[in-house]
Amino acid sequence: MRCLLLTMVVLLSVLLGCKGPCRQLSEKLCDCDDYKPSQDYCRQRAADKESLYPPSKAEDAQCKLLLKGCDCKKLDTAEGKVACGLARP
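Reference entry: report on the structure contained in this document. (Residues numbered from 1 in each chain as written. Predicted model: local features only at pLDDT ≥ 70, side-chain atom pairs only at ≥ 80, totals over all residues. Heavy atoms only, no water.)

Our next topic: the nonpolar core. Most often, soluble globular proteins have nonpolar side chains that are buried together. Core analysis: the biggest nonpolar cluster contains 8 residues, these being Cys22, Leu25, Cys63, Leu66, Leu67, Cys70, Leu75 and Cys84. For this core, the secondary structure elements donating two or more residues are helix 2 (21-30) and helix 4 (57-69). Here this core takes 3 residues from helix 4, the largest share from any one element. Here Leu25 is in contact with Cys63, Leu66, Leu67, Cys70 and Cys84, once residues within four sequence places are set aside. (Core = buried A, V, L, I, M, F, W, Y, C linked by side-chain atoms within 4.5 Å. Buried < 20%, exposed > 50% of the residue type's maximum accessible area, 1.4 Å probe, protein only. Helix = DSSP H or I, 4+ residues; strand = E, 2+ residues; numbered from the N terminus. Contact = heavy atoms within 4.5 Å.)

Right, here's the structure in full:
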């Protein structure tokens, strides 16, 4: 019985630990801040917003595309903002 319960808890934590592309993109943007407390606050806000407003499949697909091209080093440029989904082309 204990083994079954432990297996279920581990499985649930693994499933909940998977992050979609939009959450990954949000966290990548959070990591662009050099100040660790700001990163932590940003990540928590991203998690809270995702739980209130889960992304659609179309939004996840868009985030997946943006995730590949988003680069913190270019975030201060117009191109970098577009690449991370923070501005329109």
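Packing of helix 2 against helix 3 (residues 36-52) brings their axes to within 9 Å, and their N-to-C directions diverge by 160 degrees. Taken together, the axes of helix 2 and helix 3 lie roughly antiparallel to each other. As for how helix 2 packs across helix 3, the hand of that crossing is right-handed. When helix 2 is examined against helix 3, the residues Arg23, Ser26, Glu27 and Cys30 are found in contact with a partner set consisting of Gln39, Cys42, Arg43, Ala46, Ala47 and Glu50. Class assignment of the residues belonging to the contact of helix 2 with helix 3 gives a composition of 4 nonpolar, 2 polar and 4 charged. (Axes fitted to C-alpha atoms, helices over the stretch in contact; angles between N-to-C directions. Parallel < 35°, antiparallel > 145°, perpendicular 65-115°, else oblique. Left-handed = near helix turned anticlockwise from the far one by under 90°. Nonpolar A, V, L, I, M, F, W, Y, C, P; charged D, E, K, R; others polar.)

Honestly, that's just the spatial picture; any functional story needs more than this.
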